[in-house]
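Architecture at a glance
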Amino acid sequence: MATMQFHSIANAPVPSSSGRTIAVIDPSDGAQYDEIQRGTPEDIDAAVHAARQCYDAVWHKLAPAERGRLLMRLSHAVAENASELTAIEQRDCGKPTRQARADALALARYFEFYAGACDKLHGETIPYVEGTSVLTWREPHGVTGHIVPWNYPMQIFGRSVGAALAAGNACVVKPAEDACLSLLRVAQLAAEVGFPAGALNIVTGYGHEAGDALARHPGIDHISFTGSPGVGTLIQQIAAERHCPVTLELGGKSPQIVFADADLDAVVPAVVNAIVQNAGQTCSAGSRVLIERAIYEPLLERLGRAFEALRVGPAAMDLDLGPLIRQSQQQRVWDFLSDAQVAGIPMVAQGTVVDLAPETGFYQAPTLLRDVPPGHRLAQEEVFGPVLAALPFEGEDEAVQLANGTAFGLVAGVWTRDGARQLRMARRIRAGQVFINNYGAGGGVELPFGGVRSSGHGREKGFEALYGFTTLKTVAIRHG
Ligand code: NAD
């Protein structure tokens, strides 16, 4: 693997105008092994310029079916290079091999899905007054900006950039400073399969420098931001100054609601997986389990046994969990756990960090806490680590009150065999997705995904995302 990475602008490797770089750290051992460019506003400007030129001269004029063919070629290239991308992501993000591979294959699937959608995105004709015909066109925004977090670089890039390209936009991407390498490789693959120079550009760097410059750039016609609620607020404020549309995919405190009639054999693995997947660093992690009081003790006992069996270690060992992304994230989880201790919140069980895990890596044993007071920050705030908060409830009304009782509304899981209750709960829960008797952490690429309230607004994934990456023009023709 190279020891220096460059921006990808107009299909070429480009150094930063700052001449400065950022160290790439392996979370499994805390050691540096590569460098990325520390992007500047000038670098962002060069990327936006390249994107605009490509949009005006080539991309915008390509037949949708041609764009689709290019995206399909990229999908195949990603699938063919899945092993390499898996290895890159595993080391860069500390993901166990199975997770890193799943992310690479999901990226291929996003491009496949949106490749097929390119030539199926069309407007309507609208019946209007006699002598006038009305039609609508779905037009791309132009140049779209994409700010991507570190937890699922390939998946989030795929769902956002895949849809934006399919809709006919040229893209400028600012990945997270902690996780860029797989996306830089994907940009090379895009160039190799024939993407025109400028359709896809990647500028690496810090959020407050390159990210801020991207959000402020007057040449950006739409911003897709996935990240923390605090930065989401900043982005929306910046974009508001020039009335630039924004999609915000923010955090969550997603509940898994388990009624006494649920199939607990299905519940236990699903609830555990929803919080330990990617070491809990998942926006749609099921980080609260709300349990009907009649089964509170027996279910906690079963969940406790499952937590105790979990193993944490270096990404290459491919255990249940890898390390957290960086030391500050580990510190963040420790702070939550020490607050729990101070508040006297009982711990039910913890998994184990294996002896082979280097002390310099950023490991955290998955932890199950019980009787978490609904107002405590462990029941309200996103830990973004493998910590599950259990709370008891009595009846549907209290379940709904607890489920909706945070600032977030991203995903919810409902576990019950009662069909009428399934629908009542799905209607009453405020969230972008509700899973009944399963939990998908966002689900497949076909399923529209996004939040309400502090979880954000706008939808990505599925066909719905294509609407967000286009603007609708109404054309009224008076012909008599
Ligand atoms: P973050 O907000 O710190 O960073 C996200 C991205 O924004 C990074 O690329 C970062 O460099 C950039 N950024 C940071 N400050 C910026 C600024 N001032 N201007 C412009 N860009 C800036 O978030 P994070 O710590 O990387 O990711 C974790 C958060 O992301 C969690 O809250 C998680 O829930 C959320 N998330 C949400 C989803 C979703 O789909 N809803 C998916 C993944 C992560």
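What counts as what
- The numbering scheme is per chain: residues are counted from 1 as the chain's sequence reads.
- It should be noted that, the model being predicted, local features are given only for residues of pLDDT at least 70 and side-chain atom pairs only at 80 or more, the latter also being counted only at that level, while totals for whole chains, interfaces and linings use all residues.
- Hydrogen atoms and water are omitted, and side-chain values are computed over all heavy atoms in the structure.
- UniProt positions are given in the numbering used here, feature names are shortened, and annotations may be inferred rather than shown by experiment.
- A simple rule labels every residue: compare its accessible area, found with a 1.4 Å probe on the protein chains alone, to the largest value its type can have, and call it buried under 20%, exposed over 50%, or partly exposed in between.
- Contact definition: two residues touch when any of their heavy atoms are within 4.5 Å.
- Labels follow the DSSP assignment, with helices taken as runs of H or I lasting at least four residues and strands as runs of E lasting at least two, numbered in each case from the N terminus.
- Contacts described as polar in this section are N or O atom pairs within 3.5 Å, which, within protein, must combine one atom able to donate a hydrogen with one able to accept it, while residues neighboring in sequence count only if both atoms come from side chains.
- Here the axes come from fitting lines to C-alpha atoms, over the contacting stretch only for helices, and the angles between their N-to-C directions go from 0 to 180 degrees.
- Each angle is binned into one of four classes, with values under 35 degrees roughly parallel, values over 145 roughly antiparallel, values of 65 to 115 roughly perpendicular, and all other values oblique.
- Amino acid classes used here: Ala, Val, Leu, Ile, Met, Phe, Trp, Tyr, Cys and Pro are nonpolar; Asp, Glu, Lys and Arg are charged; the rest, including Gly, are polar.
- Helix span is expected to be 1.5 Å times the residue number reduced by one.
- Two strands form a pair only when DSSP identifies at least two bridges running between them.
- By convention, a stacked pair of Phe, Tyr or Trp rings (six-membered ring in the case of Trp) has centres within 6.5 Å and planes under 30 degrees apart, an edge-to-face pair has planes over 60 apart, and any other such pair is tilted.
- The criterion for a charge sitting over a ring is simple: Lys NZ or Arg CZ within 6 Å of the ring centre, and within 35 degrees of the ring normal.

**Examining the UniProt feature "active site" (unreviewed entry) in the chain**
In the numbering used here, UniProt assigns the "active site" (unreviewed entry) feature to E249. Accessibility expressed as a relative area gives 2% for E249, which makes it buried. Residues within four places of E249 in sequence aside, it is in contact with R159, F225, T226, G227, F449, G450, G451, S455, G458, R459 and E460.

**Here's the deal with the side chain of T204**
Residue placement: T204 occurs in the loop between strand 9 (200-202) and helix 7 (207-216). Only 2.7 Å separates the side chain of T204 from the backbone oxygen of Q37, close enough to count as a polar contact. Aside from chain neighbours lying at most four places away, what touches T204 is H7, I36, Q37, R38, G39, K174, P175, C180, L184 and A210.

**Focus on the packing of helix 3 (residues 82-93) against helix 6 (residues 181-192)**
Contact geometry for helix 3 and helix 6: axes closest at 8 Å, N-to-C directions at 155 degrees. Accordingly, the angle class assigned to the pair helix 3 and helix 6 is roughly antiparallel. The segment helix 3 lies against helix 6, with E84, L85, I88, E89 and D92 engaging L181, S182, R185, V186 and L189. Among the residues making up the contact of helix 3 with helix 6, the classes are represented as 5 nonpolar, 1 polar and 4 charged.

**A look at the environment of L184**
You can see L184 is positioned in helix 6. When the C-alpha positions of L184 and R293 are compared, they lie 50 Å apart, and in sequence the two are 109 residues distant.

**Regarding helix 9 (residues 264-276)**
The terminal C-alpha atoms of helix 9 lie 18 Å apart, and with 13 residues this matches the ideal 18 Å at 1.5 Å per residue to within 8%. Buried residues of helix 9: L264, V267, V268, A270, V271, V272, A274, I275 and V276, and no others. Buried residues along helix 9 sit against strand 12 (254-258), strand 13 (286-292), helix 10 (296-308), strand 18 (387-393) and strand 19 (411-415). N278 sits one or two residues past helix 9 and shows a positive phi near 55 degrees.

**A look at the sheet that holds strand 5 (residues 125-126)**
Read from one edge to the other, the open sheet built from 3 strands follows the order 5-6-22, with strand pairing classed as antiparallel. What marks the edges here is a single partner per strand, and that holds for strand 5 and strand 22 (470-478). In this structure, strand 5 lies alongside strand 6 (residues 132-140), joined through 2 bridges in antiparallel fashion. From the neighbouring strand, T125 faces strand 6, where its bridge partner is L135.

**Thoughts on the packing of aromatic side chains**
Per the stated rule, a full pass over the model turns up 7 aromatic pairs. For the pair W150 and F384, a centre-to-centre distance of 5.4 Å together with 75 degrees between the ring planes defines the contact as edge-to-face. Highlighted residues: W150 in the loop between strand 7 (143-147) and helix 5 (153-166) and F384 in the loop between helix 12 (377-380) and strand 18, separated in sequence by 234 residues. In this structure, W150 and F384 share a single accessibility class: buried. In this arrangement the basic side chain of R91 is found over the ring face of Y33, its NZ or CZ atom lying 3.9 Å from the centre. In this structure, K461 is placed above the aromatic ring of F449, and the distance from its NZ or CZ to the ring centre is 5.5 Å.

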